Amino acid sequence: MFGRDRSLTSLLNDTFIRGILFQALIAIGLLLSINWLADNTLSNLANQGKTLGFDFLTRTAGFQISPTLGTWMLDYKVGKSTYTDVYLIGIINTFIVALLGILAATVIGFTVGIMRLSDNLVFRWFSSFYVEVVRNVPLLLQLFFWYFAVLRAMPSKREKLELVEGVAGLNITGLYLPAPIVSDGFIYSFLSLIGAIAITFLVRRYALRRQAETGQILPMFWIGLSIILLLPVLVHYLNGSPLDWSLPEFKDTGPKLRQGYQSGAGMVLVPEMLAVWLALSLYTAAFIAEIVRAGILAVNRGQTEAAYALGVRPNVTLRLVVIPQAMRVIIPPLTSQYLNLTKNSSLAVAIAYPELVSVFAGTALNQVGKEVEMIFMMMMVYLTFSLMTAAFMNWFNSRVKLVER
Amino acid sequence: MTRKVIKAAPKKTTMKKAIPSDIDTQAGYVRIEDAPLLPPPPSEVGVTGWLYKNIFASMSDFGSVSAALKSVFVAASTLFILYFLVTQISGLLDFAIFSAVWSDPEGLKRQACWTVEQGGALPNGWHAACWPFIEAKAKFIFYGAYPNDDLWRVNLTYALGGFMLAWVMIERLPYRKIVGILLLTVYPVMATVLLTGGAFSISTGTIGGATILGLALITIGRLGKAGYVSGAFGDLALVAGVCGWLVILFAAVLAVFAIDFDLEAIDTRDWGGLLITLVVAITGIVASLPLGILLALGRRSEMPVARFLCTVFIEFWRGVPLITVLFMASVMLPLFMPEGVNFDMLLRALIGVTLFSAAYMAEVVRGGLQAIDKGQYEGADAVGLSYWQSMRLIILPQALTHVIPGIVNTFIGLFKDTALVSIVGIFDLLGAAQSTLADAAWSTPVQGLTGYLVVAVIFFVFCFGMSRYSMFMERKLNRSHKS
Amino acid sequence: MAQPQNTAEQSVDQKTIVSMRNVNKWFGQFHVLRDINLGVDKGERIVVCGPSGSGKSTLIRCLNRLEKHQDGDIFVHGIELNNDVKNIDEIRREVGMVFQHFNLFPHLSILENCMLAPIWVRKTPRAEAEEIAMHFLTRVKIPEQASKYPGQLSGGQQQRVAIARALCMQPQLMLFDEPTSALDPEMIKEVLDTMVELADDGMTMICVTHEMGFARRVADRVIFMDEGQIVEQNEPEAFFNNPQSDRTKLFLSQILGH
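Now for a look at the structure at hand. (Residues numbered from 1 in each chain as written. Chains lettered and ligands numbered in written order. Predicted model: local features only at pLDDT ≥ 70, side-chain atom pairs only at ≥ 80, totals over all residues. Heavy atoms only, no water.)

1. Quick look at the overall build of chain A
Next up, step 1: Assigned secondary structure in chain A consists of 13 helices and 8 strands.
Next up, step 2: Taken against the 2.2 N^0.38 rule, which gives 22 Å for 405 residues, the C-alpha radius of gyration of chain A at 28 Å runs more than 25% over that of a compact globule.
Next up, step 3: The buried share of chain A, taken over its 405 residues, is 46%.
Next up, step 4: Expressed as a percentage of contacts within chain A between residues at least 6 apart in sequence, the contacts between residues at least 24 apart total 68%.
Next up, step 5: Per element, the accessible surface of chain A, about 21,600 Å² overall, is 67% carbon and sulfur. (Helix = DSSP H or I, 4+ residues; strand = E, 2+ residues; numbered from the N terminus. Rg over C-alpha atoms; globule rule 2.2 N^0.38 Å. Buried < 20%, exposed > 50% of the residue type's maximum accessible area, 1.4 Å probe, protein only. Contact = heavy atoms within 4.5 Å. Areas by Shrake-Rupley, 256 points an atom, 1.4 Å probe, with all protein chains shown as cover.)

Okay, structure coming up:
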């Protein structure tokens, strides 16, 4: 086939040309299919009397949404807020439950993962048991379990279970906590927190330099912790404590309909949010535990032995030798799990927590009926999350690649 | 602290050769008598040793303040966890077994599981499983609303599938490959006919047309192979040939679907429970495997167009939640099809699940392809195999054994994800359980818990079993790799 | 022979570096070290050989507590090796170990590998630690690799770095656990040469190895172990030319046969 004269036939035989021909065919085929699908869609829509367009976003939305971070931030009002607000509320609520879920899942997951490697049999059994049960039951089922278990255990609307006298309490309508009301001077407390963190970094640099020069090691952990905790608190009190709390208000007298926790006082976490948070955290934590375990096991035993043989103490070995190597193995699948958690938050549609899918593709879609546009808008959000995560992972992998020949 | 051995060791003075007492640094030492083989001290073996190593070792380091604090913390946590486990597990056993109501001889239905306060016979404060409820609803949970007279068809499908799968999985049986191929090709057709009833209205014209098209394509392929068409068109001819065989296969399937086996036609809306869950999960995996392989090959291809398209496709489906895919499938699929083409609800979900799963499958297969030594590709090239030949004969067989654990894990994930179809109105296992809760005749405070408990156990048994199998396969593959 | 002291005090002119008396160790039911009695003086070079599974590695790993002995006494440089963490720390500071599979830290550069212990264990200032590291890297003849990473070095170079890393703690005793067994043949010589130089400089060392040429060149004593016990020990000439025990003879015939 090779080495013949460059006639037309041999040109056609050329693998390069063949490749291009093939790809051109694929591209044409794809364009034709897309064209066909688009045609069908437009004609079907026309038959239903609908058109494509995003102008529905400025229309006002006519349905109630549970009190959540999104509604609070955008000050959602039925009849006043638009579908754009609804979209944004969905995104905010997805984001907040994903963030809280990621934090909780990481803490629980790392703890359970380390427990699985412990000498202690009870720790090992318990963590194995937890991981196996949670990983082999669908998340949706676990979500229902937490939702019903959470609801069942709660007192009814007109009763309460006080966690902290007068400050925090639970009932079937939610978890009530004090809401912070910031007055003028609070900005200084916040700034001093930032300042404390900055100061800690500076102290750390000083400590490292001191160690490099004299070899003496400062207990940076305790120093940093004290600075970050004490400095803002000090500034806060010196400034006259410019932070008030709106305590939740509970009425058990008066007309029956108005009894119970009053809205407007304090902050409420609706049971749907608690259930989603619990379910997502515990479910993802089981997967994170396995990732952490695999990461730590991936570090060769010889590494710890070499460090011990040099006289390095176990906790320093952990910090300088084991964890850096384990993190390389842990971080990529860990970020995948974070992404999964964010996507899994969409299950909240089953219990009507107002995150993106439930509020936009659920209720709003029923009212507006513009399927193509709305589902497209929804998928864009998730795709953005995914792409950002993928970009981060690529960056991370290239940064920490072990230098080899 | 050194530990004294309990049994006394024989003294050195029993050695026959005269050795100075300080034998340590003495060059020119030869041992005359073997040192005795002694049993280890109690702290190492036996019950005390096991207890020490596994429980007390982590709580007995009091060397420094921080170590002591850690030991106390570990001890307290261990006690707390033990307490927690014991109470929860005994509570669960009590709920499910010991205090549960097992039978309803008088046909009282919900009253059989009511306490005195609620109007029944059980003591107040009773709170345990109501098994007669499950017994009554068992058929619904496993088959949905499938007509009772035709349950044998579902059972036959289950039995046949299980039998063939077992055959493929057990090492020592012969003809595993053939059974495997049958399982992936003939069985789905059979299962579809059995479950739906077959006898779809497919005109002979369609079947005939497809057959003719297939034959034509095959002829083109034959011509290409024989060399009558050269160059780039020769490649196209070969592709046409392969497509021709697929079309013939498709025509055959259509023909089988068109035959009237005299089975009652059962709408997919009547299917439910475990049946739906298995149908969705298995169809998803089986259908997504070939698609996933193609996508993986495409993503690794050197042709930029193919690579780009496959990457976009894969990343799109992996980047969105399954629930949005299901919404899209149930709401938008009818829009994409020309007028008059009506899609069964279940079919829409199946398409969505298949596309979604194909993306994950593609990544798993891609991992397997990457794990294969470059030398294999080069070897295949050197022997003169074409791309498709080397793929079919050398690369893919190896890659697929590599990725079987990954495929099983994807299947486990898919099996759990099928629970989501209940949100778009298809009665899977979870959906069936939920709808049983609406039955007022069985309304008890424990109705929900009992139902969900049963569903959880069913899911757990399937998923846990599959994950154990996956681990077993992984270990086996690792071992065969090392040797 | 000075009596071993049971305190954590270091005695700089201690003549006995290692003293093992009636040491027994079990792995579960398996009696892996049986009645080991061994003494090593300062400046002595010991080579331990024997068939695989005889407990040679376990023996030297007991000396820096990478393995725990269940019976008997071990004193290293006058410090008793028991469960007391302070003792263990001190002993590990004075004992350096080189492993069969190098065990370099792959995420740190060569220089950082060598500097880690002096900085974090001996609390040496960074500049001084760097000096020490370069000094020993020069001694093992690879100072130019200091800023590279272990993955970029050959096996022989990595093992020499491992030796330098251990030396940076300036130990009283060096333990070698089959240092050349994982190396390609052409790289064994460079590592052995380094070890010979180290021995000539007066380092006390206990070396588990199959390299009998090295033993002949360097060892003060060759110890043969079999099934967990010390079967024979002698000066190299006497050991190789006139083995006393039958087991020794068998082993030597297998090892020197090719």
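2. Some words on the sheet that holds strand β2 (residues 30-41) of chain C
Residues and elements named next belong to chain C.
Next up, step 1: Taken in spatial order, the 4 strands make up an open sheet running β2-β1-β4-β5, and their pairing is antiparallel. Two strands lie at the open edges of the sheet, namely β2 and β5 (79-80), each paired on one side alone.
Next up, step 2: Sheet topology places strand β1 (residues 16-27) next to strand β4 (residues 71-76); 5 bridges connect them, and they run antiparallel. When the sheet's bridge partners are listed, R21 is paired in β4 with D73. (Pairing = 2+ DSSP bridges.)

3. Quick notes on the interface of chain A and chain B
Next up, step 1: Each side of the interface is counted separately: chain A has 56 residues, and chain B has 65 residues.
Next up, step 2: Taken together, both faces of the contact between chain A and chain B bury some 5,100 Å²; the carbon and sulfur share is 75%.
Next up, step 3: Of all residues in chain A, A:Q23, A:N136 and A:M379 bury the most surface against chain B, accounting for 12% of the area lost on that side.
Next up, step 4: Where chain A packs against chain B, one counts 1 salt bridge.
Next up, step 5: Residues A:E132 and B:R468 are paired through a salt bridge, measuring 3.9 Å at the closest nitrogen-oxygen approach.
Next up, step 6: There are 12 residue pairs in polar contact (both at pLDDT 80 or more) connecting chain A and chain B.
Next up, step 7: Residue assignment for the side of chain A that touches chain B shows that the elements contributing at least two residues are α1 (8-13), α2 (15-47), α5 (121-135), α6 (139-153), α9 (271-298), α12 (356-368) and α13 (371-400) of chain A.
Next up, step 8: Residue contributions to the side of chain A that touches chain B peak at 15 residues, all from α2(A).
Next up, step 9: Here the side of chain A that touches chain B is built from residues that sort into 35 nonpolar, 13 polar and 8 charged. (Buried area = accessible area lost by both parts, 1.4 Å probe. Salt bridge = Lys/Arg side-chain N within 4 Å of Asp/Glu carboxyl O. Polar contact = N/O pair within 3.5 Å; in protein donor to acceptor, adjacent residues only side chain to side chain. Nonpolar A, V, L, I, M, F, W, Y, C, P; charged D, E, K, R; others polar.)

4. Quick look at the pattern of salt bridges
In a structure, side chains of opposite charge can pair up when their charged atoms sit close to one another.
Residues and elements named next belong to chain C.
Next up, step 1: In total, this model carries 25 salt bridges over all chains according to the counting rule given.
Next up, step 2: A salt bridge links E44 to R221, with the shortest nitrogen-to-oxygen separation between them at 3.0 Å. Note that E44 is positioned in the loop between β2 and β3 (45-49) and R221 in strand β9 (residues 221-226), a separation of 177 residues in sequence.
Next up, step 3: Judged by relative accessible area, which is 1%, R221 ranks as buried.
Next up, step 4: Notably, a salt bridge pairs D200 with R217, separated by 3.0 Å at the nearest N-O pair. Of this pair, D200 sits in helix α6 (residues 185-200) while R217 sits in helix α7 (residues 212-218), and the two are 17 residues apart along the sequence.
Next up, step 5: A residue is classified by how much of its surface remains accessible, and D200, at 47% relative accessible area, is partly exposed.

5. With respect to the nonpolar core
Next up, step 1: In terms of nonpolar packing, the biggest core is built from 156 residues, with A:F63, A:Y83, A:F360, B:Y146 and B:W271 touching the most fellow members.
Next up, step 2: Examining the composition of this core, we find that 14 residues originate from one element, α9(A), more than from any other.
Next up, step 3: In this view, B:Y146 contacts B:K139, B:L151, B:R153, B:V154, B:L194, B:L195, B:I266, B:D270, B:W271 and B:L275; residues no more than four positions away in its chain are not counted.
Next up, step 4: Within the second largest apolar cluster, 52 residues are counted, among which are C:V98, C:A164, C:F176 and C:A219. (Core = buried A, V, L, I, M, F, W, Y, C linked by side-chain atoms within 4.5 Å.)

6. Points about the sheet that holds strand β8 (residues 267-269) of chain A
The strands making up a sheet associate through backbone hydrogen bonding, with each pair oriented either parallel or antiparallel.
All names here are of chain A.
Next up, step 1: Across the sheet, which stays open at both edges, the 4 strands sit in the order β1-β2-β3-β8 with antiparallel pairing between neighbours. Bordering the open sheet on either side are β1 (161-164) and β8, each of which pairs with just one other strand. Here the average twist between neighbouring strands, direction ignored, is 20°.
Next up, step 2: Bridge count between β1 and strand β2 (residues 168-171): 3 bridges; the pairing is antiparallel. (Axes fitted to C-alpha atoms, helices over the stretch in contact; angles between N-to-C directions.)

7. What about the packing of aromatic side chains?
To describe a pair of aromatic rings, one takes the distance between the centres and the angle between the planes.
Next up, step 1: For the coordinates displayed, the defined rule picks out 26 aromatic pairs over all chains.
Next up, step 2: Seen in terms of ring centroids, A:Y283 and A:F287 are 5.1 Å apart; in terms of plane orientation they differ by 65°. Their pairing is edge-to-face. In this pair, A:Y283 and A:F287 are both assigned in helix α9, 4 residues apart and thus about one turn of the helix distant.
Next up, step 3: Residue class for A:Y283 comes out buried when judged on its relative accessible area of 10%.
Next up, step 4: Ring centres of B:F415 and B:F459 lie 5.7 Å apart, and the angle between their planes is 70°; on these two criteria the pair is classed as edge-to-face. Residue B:F415 is located in helix α13 (residues 387-417), and its partner B:F459 is located in helix α15 (residues 447-482); the two are separated by 44 residues in the primary sequence. Side by side, B:F415 and B:F459 carry an identical accessibility label, which is buried.
Next up, step 5: Every member of this aromatic cluster is reached through a ring pair, and the members are A:F144, A:Y147, A:F148 and B:Y452. (Phe/Tyr/Trp six-rings, centres within 6.5 Å; stacked < 30°, edge-to-face > 60°.)

8. Topic: the side chain of C:H31
Next up, step 1: With respect to the helices and strands, C:H31 occurs in strand β2.
Next up, step 2: Within the structure, C:H31 has its side chain in polar contact with the backbone nitrogen of B:L38 (distance 3.0 Å).
Next up, step 3: When neighbours within four sequence positions are excluded, C:H31 is seen to be in contact with B:P36, B:L37, B:L38, C:N24, C:K25 and C:W26.

9. With respect to empty space enclosed by the protein
Residue and element names in this part refer to chain C.
Next up, step 1: This structure, assessed with the given rule, holds 3 cavities of 30 Å³ or more.
Next up, step 2: Roughly 50 Å³ of volume is contained in the second largest cavity.
Next up, step 3: In this structure, the second largest cavity is lined by R139, V140, I163, L167, T194, E197 and L198.
Next up, step 4: At the level of elements, α5 (155-167) and α6 are the ones that each hand at least two residues to the lining of the second largest cavity.
Next up, step 5: The element that contributes the greatest number of residues to the lining of the second largest cavity is α6, accounting for 3 residues.
Next up, step 6: Taken together, the residues of the lining of the second largest cavity break down into 4 nonpolar, 1 polar and 2 charged. (1 Å grid on protein atoms, 1.4 Å probe; cavity = no way out; pocket = protein on both sides within 12 Å on 5 of 7 lines; lining within 4 Å. Points joined across faces, edges and corners; volume = space filled by probe spheres on them.)

10. Here we look at α9(A)
An α-helix turns once every 3.6 residues. As a result, residues three or four positions apart point the same way.
Next up, step 1: Its 28 residues give α9(A) an end-to-end C-alpha distance of 40 Å, which sits within 8% of 40 Å, the value for a rise of 1.5 Å per residue.
Next up, step 2: For α9(A), the tally of buried residues reaches 20 of 28 residues, placing the bulk of the element in the interior. (Expected span 1.5 Å × (residues − 1).)

11. Examining the environment of A:V368
Residues and elements named next belong to chain A.
Next up, step 1: Following the sequence through the fold, V368 ends up in helix α12.
Next up, step 2: Separated by 16 residues in sequence, V368 and A352 have C-alpha atoms that sit 18 Å apart.
Next up, step 3: Apart from residues no more than four positions distant in its own chain, V368 is found in contact with F56, R59, Y83 and M374.

12. Digging into the state of the cysteines
Next up, step 1: Inspection of every chain in the model, using the stated rule, returns 1 disulfide over all chains.
Next up, step 2: B:C310 takes part in no disulfide bond, and the closest cysteine sulfur, belonging to B:C243, lies 16 Å away. (Disulfide = S-S within 2.5 Å.)

13. Some details on the pairing of β2(C)
Residues and elements named next belong to chain C.
Next up, step 1: Among the 12 residues of β2, 11 are classified as buried, and the element is accordingly described as predominantly covered.
Next up, step 2: As judged from the 8 bridges shared by β1 and β2, these two strands associate in the antiparallel manner. Directly across from M20, in β2, lies its bridge partner L38.
Next up, step 3: The turn joining β1 and β2, which pair antiparallel and follow one another in sequence, is formed by 2 residues; a positive phi near 65° is taken by G28.

14. Describing the interface of chain A and chain C
Next up, step 1: Each side of the interface is counted separately: chain A has 28 residues, and chain C has 32 residues.
Next up, step 2: When chain A packs against chain C, close to 2,700 Å² is buried across both sides, 63% of that on carbon and sulfur atoms.
Next up, step 3: Connecting chain A to chain C are 2 salt bridges.
Next up, step 4: Close ionic contact of C:D89 with A:R313 constitutes a salt bridge, the shortest N to O distance being 3.0 Å.
Next up, step 5: At the boundary of chain A with chain C, the tally comes to 6 residue pairs in polar contact (both at pLDDT 80 or more).
Next up, step 6: At the level of secondary structure, the elements contributing two or more residues to the side of chain A that touches chain C comprise α7 (186-214), α10 (301-309) and α11 (314-344) of chain A.
Next up, step 7: Grouping the constituent residues of the side of chain A that touches chain C by class yields 14 nonpolar, 7 polar and 7 charged.

15. Details of the packing of α10(A) against α11(A)
Between two packed helices, both the angle of their axes relative to each other and the distance between the axes serve to describe the pair.
Residues and elements named next belong to chain A.
Next up, step 1: Where α10 meets α11, the axes come as close as 10 Å, and the angle between the chain directions of the two elements is 145°. Crossing angle aside, the handedness with which α10 passes α11 is right-handed. Seen from α10, the contacting residues are Q303, T304, A307 and Y308; seen from α11, they are P314, T317, V321, V322 and Q325.
Next up, step 2: Of the residues belonging to the contact of α10 with α11, the class tally is 5 nonpolar, 4 polar and no charged. (Left-handed = near helix turned anticlockwise from the far one by under 90°.)

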